[in-house]
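# Structural overview
Listed here are the chains, written in short residue letters.
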Amino acid sequence: MEMASIYFVGTYSPIMCGIADYTSYLTRKSPSRRWGVLSFDLEKYGAPLSGNDGAHTNQVWYGIPGRHDFSATVIRDGLKRLGMEDGNTLLWFQHENGIWPDSQKFVAMLENLDIPKVVTFHTLHFQSPDTPSGLGRNQRDLLQSLLPHVDAITVFSDGVYYAVATAFPEYSDKVYVLKHGVHSHPEVSRVSRKEAREKLNDFLLYETDLAQAVKESLHKQRIFLNPGNVVIGQTGFLDPNKRTDLLYVVRDSLRQMIRDREIVAVRIGKSKDSVQRTDTTRLVQEQDCMSESIFDVWLPESMLRVAQRAFDINFYWPMECTQSGVLAHALGAGAIVAGRDLEGVGETLKEAGGLVGTDLVDLLLQMRDLILSPEASKEMEERALKYSAKFSWSKQAWRHYELAERILHPLYPQPLSQFPSSNEVSTIIVADRLN
């Protein structure tokens, strides 16, 4: 019996969004020729692209007309074009409201697809005041209509599992916890913070299109090169929902708490639409750029992890904390993250040994203590790396296939020993449902 094939459905590279990246990382670690992707028409989807022409492979089909124009017929057409194997294929949808904005249409599509299917929910709440279970009201309504028509759903956190199982105990056997994958960046985690800062400084000076005045200021201020500087930073899209303005509140507060150290705040990321560009302009105008900077520049993957390693502390306090691709990169780089104790972000940071606070004052005190006790940083970095090894993309990709086997062959699931060999996953068990 051949192992299952998984066809992922959702955004995919070169579409620029976290879920597109998520699926890309999974497929990189999936067994060769046992996966496919059904994604959106790149010209019609309406999201920025990373600049290339898409994945040059016959395993990816960019044929879903748009986020408002999808159907079971379209999905079946895509599967035929990719050469679907009858009886040994699983459809795996990545769900987020911005990708599938019409919930009724989404459920109707699932209902009309007579193919085993799983949905991964990226943005479910478990601490919402809207419902007794902690789910958002719209999320509860969506799950109520969706759960009868899927074989399973996966969620990223224990908290979401309990919220769904509490709201829908009759479907609890369809709910699985499958943690967000985490990167492994040993080439970055092994270098010193000083080396990472030097690499980041050179990248910003010599490999970006930043304005000459910004580069001159960076060179003069030596933000990353002065050994006495404590750098509190943020990376990723310059989205107002990430509350970048609080980064500078943190900087000012830490300066009051620690008088004998120079605390600087750095924000590096690209504005991807007009709303983000407006917010970035406002922030630049409000901050004294002679002492620190907001760099509106795209960080390629190779430099994103270097930047996170270069910061003494990565500050993360978004409005929505359901999950985060930012953490997936930072933890694998051995970076220190200080974040909000809310939803999946809080759960992940606690499991990975990061700094986490229920309010900003609480978190500030922890950041102060860490800066004053640098020996604690090494222990925190080691805990982050252990977490990244436990939930590496390789392991999480294989757990997708183990769940697929359980669904497709419930009486005779394929033993792990019959899967193609992989040293990293040789001892992985089937993804366990929480009891």
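Residues numbered from 1 in each chain as written. Predicted model: local features only at pLDDT ≥ 70, side-chain atom pairs only at ≥ 80, totals over all residues. Heavy atoms only, no water.

Take the overall build of the chain next. The number of helices and strands found in the chain is 16 helices and 13 strands. Its C-alpha atoms give the chain principal-axis dimensions of roughly 65 × 45 × 45 Å. Taken over 435 residues, the chain has a buried fraction of 56%. Contacts spanning at least 24 positions in sequence make up 71% of the contacts within the chain whose residues lie at least 6 apart. Carbon together with sulfur atoms contributes 49% to the accessible area of the chain, which is approximately 19,100 Å² in total. (Helix = DSSP H or I, 4+ residues; strand = E, 2+ residues; numbered from the N terminus. Buried < 20%, exposed > 50% of the residue type's maximum accessible area, 1.4 Å probe, protein only. Contact = heavy atoms within 4.5 Å. Areas by Shrake-Rupley, 256 points an atom, 1.4 Å probe, with all protein chains shown as cover.)

Between helix α3 (residues 103-111) and helix α4 (residues 137-146), the least distance of the axes is 10 Å, while the angle of their chain directions is 20°. In terms of orientation, α3 lies roughly parallel with respect to α4. As α3 packs across α4, the resulting crossing turns out to be right-handed. The residues of α4 that touch α3, namely those facing Ser 103, Phe 106, Val 107 and Leu 110, are Leu 142, Ser 145 and Leu 146. (Axes fitted to C-alpha atoms, helices over the stretch in contact; angles between N-to-C directions. Parallel < 35°, antiparallel > 145°, perpendicular 65-115°, else oblique. Left-handed = near helix turned anticlockwise from the far one by under 90°.)

In this section: the environment of Ser 133. Considering the arrangement of structural elements, one finds Ser 133 in the loop between β5 (117-121) and α4. Residue Ser 133 is classed as buried on the basis of its relative accessible area of 17%. Once the C-alpha coordinates of Ser 133 and Val 164 are considered, the two residues, 31 residues apart in sequence, prove to be 7.3 Å apart. Not counting residues up to four positions away in its chain, the partners in contact with Ser 133 are Phe 126, Ala 163, Thr 166 and Ala 167.

Applying the stated rule across the entire model yields 14 aromatic pairs. Measuring from centroid to centroid gives 4.9 Å for Tyr 387 and Phe 391, while their planes differ by 55°, and the two rings are tilted. Taken together, the ring pairs connect Phe 40, Tyr 45, Phe 70, Phe 93, Trp 100 and Phe 106 into an aromatic cluster. The ring of Tyr 45 has Arg 67 lying over it, and the distance from NZ or CZ to the ring centre is 4.0 Å. The side chain of Lys 105 reaches across the aromatic face of Phe 70, ending 5.4 Å from its centre. (Phe/Tyr/Trp six-rings, centres within 6.5 Å; stacked < 30°, edge-to-face > 60°. Lys NZ or Arg CZ within 6 Å of the ring centre and 35° of its normal.)

Moving on, we get to the side chain of Ser 30. Locating Ser 30 in the fold gives a position in the loop between α1 (18-28) and β2 (35-40). By relative accessible area, which is 10% here, Ser 30 ends up buried. Beyond its immediate stretch of four places on either side in the chain, Ser 30 contacts Phe 8, Trp 35, Ala 397 and Tyr 401.

Taken across its 8 residues, strand β9 (residues 262-269) has 7 buried, putting it largely inside the fold. With 7 bridges joining them, strand β8 (residues 229-235) and β9 adopt parallel strand pairing. For Gln 234, the partnering residue across the bridge sits in β9 and is Arg 267. A crossover links β8 with its parallel partner β9, the connecting element being helix α9 (residues 245-257), and its sense is right-handed. Pairing analysis gives 3 bridges linking β9 to strand β10 (residues 294-296), with the strands arranged parallel. Paired with Arg 267 across the two strands is Ile 294, which belongs to β10. (Pairing = 2+ DSSP bridges. Right-handed = clockwise from strand over helix to strand, strands pointing away.)

Ile 64, Phe 93, Trp 100 and Ile 153 are the most contacted members of the largest nonpolar core, which has 75 residues in total. No other element matches helix α16 (residues 393-408), which puts 8 residues into this core. Grouped together as the second largest cluster of nonpolar side chains are 26 residues, Leu 246, Phe 315, Met 367 and Met 380 included. (Core = buried A, V, L, I, M, F, W, Y, C linked by side-chain atoms within 4.5 Å.)

The grouping of Met 257, Val 361 and Leu 365 at the surface amounts to a nonpolar patch, some 240 Å² of accessible area in total. According to the relative accessible area criterion, Met 257 is partly exposed, its value standing at 33%. (Patch = residues over 30% accessible without salt bridge, like charges linked within 9 Å, V, L, I, M, F, W, Y side chains within 5 Å. Salt bridge = Lys/Arg side-chain N within 4 Å of Asp/Glu carboxyl O.)

A few words now on the pattern of salt bridges. Tallied over the full model, the rule gives 16 salt bridges. The partner of Glu 301 in a salt bridge is Arg 28, and the shortest N-O contact between them spans 3.5 Å. Taken together, the positions of Glu 301 in helix α11 (residues 301-310) and Arg 28 in helix α1 put the pair 273 residues apart, joining distant regions of the chain. Judged by its relative accessible area of 52%, Arg 28 falls in the exposed class.

Our focus in this paragraph is the confidence of the model for the chain. Confidence along the chain averages 88 in pLDDT terms, with 91% of residues attaining 70 or more. Across residues 416-435 the pLDDT falls below 50, and counting only partners more than four positions away or on other chains, this stretch makes 40 contacts in the model. (pLDDT = per-residue confidence, 0-100.)

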